[in-house]
Amino acid sequence: MSETLHYHFDVDGASFANAGRASVETKKLLRQLGVAPNIIRSISVAMYEGEINMVIHAHGGDADVYITEDTIIIILKDEGPGIRNVEEAMKEGFSTAPENIRALGFGAGMGLPNMKRYSDEMHIDTKVGVGTTIELWYHLNKQQ
Amino acid sequence: MLTVEMLAKELDLNIMMLPDGGREIEGGYAGDLLSWVMGRAQPGDAWVTIMSNMNVSAVAQLTDVACVIFAEGVVPDREAVNKAELHGINLLGSDLGVFELCHKISSMLEEYRDEN
Ligand SMILES: Nc1ncnc2c1ncn2[C@@H]1O[C@H](COP(=O)(O)OP(=O)(O)OP(=O)(O)O)[C@@H](O)[C@H]1O
Ligand SMILES: [Mg+2]
């Protein structure tokens, strides 16, 4: 496999009915490609958190998955309100989720910390009023 | 080996969806905040929760838990059941409280561990 595989998903920000679809589809794809189970698990957790954040905080966005021989990159891009203070948002327990969202089980303020924990590299590019792009990197050939 | 089917029978659980009854239960996790579950639940866990919306089924699929058990007599939403059916996820229910249910699951896990 020398070329790059690319998959694109629209993340619908209008409802929760399809929330998680991009992550579930990606998990299936990675299984078919024979990616190691522990990496699939990490990607599932981190991508789901990013996908849900786009639905809850940013009216949806785009999820792109790039797969090469030795690296998997997930790019989650939205044109939502942006994150005012990234350092604060990364803290466990910090959340601005409203009450109706908390009633669904979200809003623990654990999503971004999970994304960090379940990726090899995480890059956040955000601007208030413009949007947020998060890149999650996975190196496949590292020593486990 | 303790399977989902065996647990359901022993604890007299209400079976809502059991597409993979032969799945082994290797551990357990209790919680309702989905990001905590995402980060902490292990593949093969029996996940005990009182959260009943469709996001539960997505989280169960992604964490690869062996089954979801709704405690306290909680009944999952129709969308949650539909999603579980789509993804082949085991959904069970119990009238017991979370504490008591977890205690029973834990005892059974220990029992079956001793047998090996
Ligand atoms: N894509 C985004 N656009 C705008 N703000 C965001 C975005 N993602 C996260 N945030 C902000 O960062 C905060 C922390 O995010 P994080 O995912 O850690 O917690 P949460 O989504 O509030 O709760 P949880 O993920 O535990 O359900 C959010 O409450 C929100 O204010
Ligand atoms: Mg979140």
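What counts, and where the lines are drawn
Residues numbered from 1 in each chain as written. Chains lettered and ligands numbered in written order. Predicted model: local features only at pLDDT ≥ 70, side-chain atom pairs only at ≥ 80, totals over all residues. Contact = placed C-beta atoms within 7 Å. Helix = DSSP H or I, 4+ residues; strand = E, 2+ residues; numbered from the N terminus. Core = buried A, V, L, I, M, F, W, Y, C linked by C-beta atoms within 7 Å. Buried ≥ 20, exposed ≤ 12 C-beta atoms within 10 Å, placed from the backbone. Pairing = 2+ DSSP bridges. Axes fitted to C-alpha atoms, helices over the stretch in contact; angles between N-to-C directions. Near = placed C-beta within 6 Å. Nonpolar A, V, L, I, M, F, W, Y, C, P; charged D, E, K, R; others polar. Parallel < 35°, antiparallel > 145°, perpendicular 65-115°, else oblique. Left-handed = near helix turned anticlockwise from the far one by under 90°.

**Q** Whenever I open this one, the interface of chain B and chain A confuses me. Can you help?
**A** By a widespread convention, an interface's size corresponds to the accessible area lost as its parts come together. With 17 residues of chain B at the interface, the matching set in chain A holds 20 residues. Among the elements of the structure, α2 (34-40) and α3 (55-63) of chain B are those that each provide at least two residues to the side of chain B that touches chain A.

**Q** Where do I start with the nonpolar core in this structure?
**A** Core analysis: the biggest nonpolar cluster contains 66 residues, and Ala46(B), Trp47(B), Val68(B) and Ile69(B) have the highest contact counts within it. Sort the elements by how many residues they give to this core and helix α2 (residues 37-58) of chain A lands first, with 11 residues. Each residue touching Val68(B), except ones within four places of it in the same chain, is listed here: Trp47(B), Thr49(B), Val56(B), Ala60(B), Ile89(B), Asn90(B) and Leu91(B).

**Q** Even after reading the chapter, I still don't get the sheet that holds strand β1 (residues 5-12) of chain A, so can you show me in this structure?
**A** Strand-to-strand pairing in sheets goes through backbone hydrogen bonds, with the strands running parallel or antiparallel. Residues and elements named next belong to chain A. Reading across the sheet, the five strands line up as β1-β2-β3-β5-β4 and stay open at both edges, with antiparallel pairing between neighbours. On the outer flanks of this sheet lie β1 and β4 (121-127), each paired with one strand and no other. Each neighbouring strand pair of the sheet contributes to a mean axis angle of 10°, computed without reference to strand direction. Two strands pair when backbone bridges link them, and β1 and strand β2 (residues 60-67) are joined in this way by eight bridges, in the antiparallel orientation. Following the sheet pairing, aspartate 12 is matched in β2 by glycine 60. The sheet strands contacting helix α1 (residues 21-32) are β1 and β2, and the helix crosses β1 at an angle near 160°.

**Q** Is there a simple way to explain the sheet that holds strand β1 (residues 14-17) of chain B in this structure?
**A** All names here are of chain B. Across the sheet, five strands lie side by side as β1-β5-β4-β3-β2; this open sheet has mixed pairing. Taken across any chain shown, the strands that pair with only one partner, and hence form the sheet edges, are β1 and β2 (27-30). In this sheet, neighbouring strand axes are inclined to one another by 25° on average, regardless of whether the strands run parallel or antiparallel. Bridging between strand β3 (residues 45-49) and strand β4 (residues 67-70) involves four bridges; their strand directions are parallel. The residue bridging valine 48 from the neighbouring strand is isoleucine 69, located in β4. With respect to the sheet, helix α4 (residues 78-87) is in contact with β1 and β5 (91-93), its orientation differing from that of β1 by roughly 70°. In this fold helix α5 (residues 98-115) packs onto β2, β3 and β4, with an angle of close to 170° to the strand it touches most, β2.

**Q** Is there a simple way to explain the pairing of β2(A) in this structure?
**A** All names here are of chain A. Judged from the six bridges that link them, β2 and strand β3 (residues 71-78) form a sheet pairing that is antiparallel. Counterpart to aspartate 64 in the pairing with β3 is isoleucine 75. Connecting the antiparallel pair β2 and β3 is a turn made up of three residues.

**Q** What exactly am I supposed to notice about the site of ligand 1 here?
**A** Ligand 1 sits among 25 residues. The nearest are Ser95(A), Ala108(A), Gly111(A), Leu112(A) and Ser35(B). Neighbouring residues of ligand 1 are distributed over chains A and B. Of all the secondary-structure elements, those providing two or more residues to the shell around ligand 1 are α2 and α5 (111-117) of chain A. Top contributing element to the shell around ligand 1 by residue count: α2(A), with six residues. Residue composition of the shell around ligand 1, by class: 12 nonpolar, 11 polar and two charged.

**Q** Before we go on, may I ask you to explain the environment of Tyr112(B) in this structure?
**A** Residue and element names in this part refer to chain B. Relative to the helices and strands, tyrosine 112 is located in helix α5. Its 16 C-beta neighbours within 10 Å are what place tyrosine 112 among the partly exposed residues. For tyrosine 112 and methionine 1, which are 111 residues apart along the polypeptide, the C-alpha to C-alpha distance reads 6.2 Å. Apart from residues lying up to four places away in sequence, tyrosine 112 is in contact with Met1 and Leu2.

**Q** Would you take a moment to explain α3(B) for this structure?
**A** Residues spaced three or four apart along an α-helix face the same direction, because each turn holds 3.6 residues. Of all nine residues in α3(B), nine are buried; the element is thus mostly enclosed. Residues of α3(B) that are buried: Asn55(B), Val56(B), Ser57(B), Ala58(B), Val59(B), Ala60(B), Gln61(B), Leu62(B) and Thr63(B).

**Q** Looking at this structure, how should I read the packing of α1(A) against α3(B)?
**A** Axis angle and axis distance: for two packed helices, these are the angle between their axes and the distance between the axes, and together they describe the pair. Across the interface, α1(A) lies against α3(B) with an axial gap of 10 Å and an inter-helix angle of 25°. Viewed along their axes, α1(A) and α3(B) adopt a mutual orientation that is roughly parallel. Handedness of the crossing formed by α1(A) with α3(B): left-handed. Seen from α1(A), the contacting residues are Ser23(A), Val24(A) and Lys27(A); seen from α3(B), they are Ala58(B), Gln61(B) and Leu62(B). Here the residues of the contact of α1(A) with α3(B) are counted per class, giving three nonpolar, two polar and one charged.

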